[in-house]
Amino acid sequence: MFLPLLYELAVGDAGLEEVAPSFKTLLASTGIRFVQGEIENVDIKGKTVMLMAAAEVDEGGMEGGKERSVSTDAAIEDVEQQQEAVIAPCTLSYDKLVLALGSEPILPPPSSSSSSSSSSSSSSDQLHQVMPFYRLEDAQALRERLSLLNLDTSFSSPPPSSSTSSSPSLFRVVIVGGGYSGVELAANLAARLGRDRGKVTLIDRGYQILGGSPAQVRANAGKKLEEEGVEVMLGVDVLKVSKERVVVKDRARASAAGARAANGMEGGDGEGKEEGEDEATIILAADLVVWTAGAKVSRVIQSIEGLDKDARGKIITDQGLRAGGSNGDIYVLGDSAAVRGYRGGGPAGSEGEGEKVLPSTAQVAFQESEVVAWNVWSSVTPSAPGPLVFQYTPLGEMLTLGPLDGAISSLQGMINLEGPTASLARRLVYVMRMPTGPQRLKAAKGWVKGRTEKLKGAVRGVAAGKAER
């Protein structure tokens with residue numbers, strides 16, 4: 001799955017073939033055996049991986065290399081059916097092992113309740129209410145929910161002349177997490193909903209959105225969020241999520257309240273608050289909560305014993321991306337790897353400025369994958385040159401801020417783009433990042449088709465606006 005485009009799958013700006021091509025398609029004619037399964041355990045002493053795998057997997061894993069053309073819904077349903085078929089135990093032996101497992105979401109704290117029955121109901125409400133945004137299934141669930149709103153993704157309707165944010169009929173979306181996923185979702189959902197139909201609130205516990213990003217990218221993102229009417233709340237902690245509301249605590253308010261209490265001054269009233277809530281507590285009404293904040297190391301990585309790990313549970317690697325404690329037989333990349341000796345590339349004073357471990361981004365994983373591939377090959381090929389030393393090169397950052405809008409900062413801020421030009425450049429870069437030639441061609445065709453439809457919709461919107469005036 002190509003995570004940078006996951007949100008675009010959810011809102012209909014990208015197709016499944018571009019965002020999540022099947023392994024069978026990608027590996028066709030390569031001779032690589034594909035096994036789909038859930039890992040149960042990795043035994044580094046016995047050099048085996050134990051998993052529950054699909055009971056019927058052909059030797060090549062390619063279904064004869066045949067490729068099917070299916071809709072996004074059908075493809076995701078097919079994935080779910082395959083997941084349900086993971087029933088047979090399987091043990092795979094290895095000489096070299098590459099761990100490229102992603103992170104798992106840290107979901108919101110459950111709502112408290114005074115009784116077991118109400119607790120069960122509250123938990124059910126929360127599961128229905130909160131939508132995590134990390135996997136293919138999450139993108140599909142969000143897309144289905146948004147489809148009920150009949151969003152005009154063609155933008156054929158003229159924009160509203162005035163804001164009606166106080167209307168009780170607005171569809172209220174709360175997005176938790178001010179990273180790339182949260183910011184991109186907020187900007188694009190707000191553009192599609194419009195101020196006459198929806199209110200989008202973006203909240204984060206940090207004090208700036210896109211904490212480790214270049215200043216220009218943060219500025220462009222902040223400007224776009226403001227233009228689209230997104231309410232941004234920073235420095236707040238989520239206390240609980242229950243039916244139709246998100247309860248957060250503003251740390252600045254809490255500090256001010258503490259100072260007043262220390263000086264013997266009375267605080268504000270508790271109107272609308274429940275037991276345990278105070279004037280620093282803010283209650284946000286919500287019809288939909290999308291959770292993009294917080295991730296933890298995969299449970300598989302957590303369960304592996306004998307490897308060197310940091311405080312967050314990531315596997316510490318050497319300069320060749322070999323896992324500490326593995327005798328050079330295990331390589332790690334992506335979210336599971338703690339690559340030391342790197343100083344963050346964020347702006348001075350930002351959260352990412354002093355980072356000592358590479359961030360968990362697609363850009364980092366791409367660069368790590370090339371070094372791991374070479375080093376694995378080198379380790380099993382006697383005549384091959386020695387292993388490579390991994391050196392990360394920050395190439396810049398890109399994000400989309402609307403159907404035809406984006407922001408790019410590259411070459412340490414020497415190149416900064418925004419608007420349609422940045423949006424175009426971003427998608428072209430992602431097309432080139434696809435792993436195979438046929439996949440690049442599919443992604444390019446899908447993107448051109450979608451881009452043409454957007455431009456036609458934008459022209460219709462302008463024409464409709466002129467006709468109405």
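Residues numbered from 1 in each chain as written. Predicted model: local features only at pLDDT ≥ 70, side-chain atom pairs only at ≥ 80, totals over all residues. Heavy atoms only, no water.

Caption draft 1: Spotlight on the overall build of the protein chain. Of the regular secondary structure elements, the protein chain holds 13 helices and 20 strands. Within the protein chain, contacts between residues at least 6 apart in sequence are counted, and of these 67% link residues at least 24 apart. Here the protein chain displays about 24,400 Å² of accessible surface, and carbon together with sulfur accounts for 53% of that area. (Helix = DSSP H or I, 4+ residues; strand = E, 2+ residues; numbered from the N terminus. Contact = heavy atoms within 4.5 Å. Areas by Shrake-Rupley, 256 points an atom, 1.4 Å probe, with all protein chains shown as cover.)

Caption draft 2: Examining the side chain of Lys 224 more closely. With respect to the helices and strands, the residue Lys 224 is situated in helix α8 (residues 215-227). The buried category is assigned to Lys 224, whose relative accessible area is 13%. When residues no more than four places from it in sequence are discounted, the contact partners of Lys 224 are Ala 187, Leu 401 and Asp 405. (Buried < 20%, exposed > 50% of the residue type's maximum accessible area, 1.4 Å probe, protein only.)

Caption draft 3: Layout of the pattern of salt bridges. Taken as a whole and assessed by the stated rule, the structure comprises 15 salt bridges. Residues Arg 299 and Glu 38 are paired through a salt bridge, measuring 3.6 Å at the closest nitrogen-oxygen approach. Remark: Glu 38 occurs in strand β1 (residues 37-43) and Arg 299 occurs in helix α10 (residues 299-303); sequence separation between them is 261 residues. Residue class for Glu 38 comes out partly exposed when judged on its relative accessible area of 43%. The salt bridge partner of Asp 329 is Lys 47, with a shortest N-O separation of 3.4 Å. Of this pair, Asp 329 sits in the loop between β15 (315-316) and β16 (330-332) while Lys 47 sits in the loop between β1 and β2 (48-54), placing them 282 residues apart in sequence. Among the residues examined, Asp 329 registers a relative accessible area of 17% and is labelled buried. (Salt bridge = Lys/Arg side-chain N within 4 Å of Asp/Glu carboxyl O.)

Caption draft 4: The sheet that holds strand β12 (residues 281-285), seen in detail. Pairing within the open sheet is antiparallel, and its three strands lie in the order β10-β11-β12. The open sheet is flanked by β10 (236-242) and β12, the only strands paired with a single partner. Sheet twist, expressed as the mean angle between neighbouring strand axes with direction ignored, is 25°. Here six bridges tie β10 to strand β11 (residues 245-250), and the two strands are oriented antiparallel to one another. Counterpart to Asp 237 in the pairing with β11 is Lys 249. On the sheet, helix α9 (residues 251-262) packs against β10, β11 and β12 and is oriented at approximately 50° with respect to β11. (Pairing = 2+ DSSP bridges. Axes fitted to C-alpha atoms, helices over the stretch in contact; angles between N-to-C directions.)

Caption draft 5: Seen up close, the packing of helix α7 (residues 180-193) against α8. The contact between α7 and α8 brings their axes to 10 Å, and the two run at 35°. Helix-helix and strand crossings are classified by hand; for α7 and α8 the assignment is left-handed. On α8, the residues touching Tyr 180, Val 183, Ala 186 and Ala 187 of α7 are Val 217, Ala 221, Lys 224 and Leu 225. In terms of residue class, the contact of α7 with α8 is built from seven nonpolar, no polar and one charged. (Left-handed = near helix turned anticlockwise from the far one by under 90°. Nonpolar A, V, L, I, M, F, W, Y, C, P; charged D, E, K, R; others polar.)

Caption draft 6: Inspection of the sheet that holds strand β6 (residues 130-132) at higher detail. Taking strand neighbours across the sheet as the criterion, the five strands line up as β6-β13-β7-β8-β9 in an open arrangement whose pairing is parallel. Either end of the sheet is taken by a strand with one partner, and the two such strands are β6 and β9 (231-234). Between one strand axis and the next, the sheet turns by 20° as a mean value, whatever way the strands run. Taken together, the four bridges between strand β8 (residues 198-204) and β9 define a ladder with parallel strand orientation. Opposite Ile 203, over in β9, you have Met 233 as the bridge partner. Taken strand by strand, α7 contacts β7 (171-176), β8 and β13 (288-291), and its axis lies near 170° from that of β8.

Caption draft 7: A look at the environment of Leu 26. With respect to the secondary-structure elements, Leu 26 resides in helix α3 (residues 23-26). Each C-alpha atom, one on Leu 26 and one on Gln 439, is 7.6 Å from the other, the two residues being 413 residues apart in sequence. If we skip the residues at most four places from it in the chain, Leu 26 touches Pro 21, Pro 435, Thr 436 and Gln 439.

These values are about where atoms sit, not about what they do.
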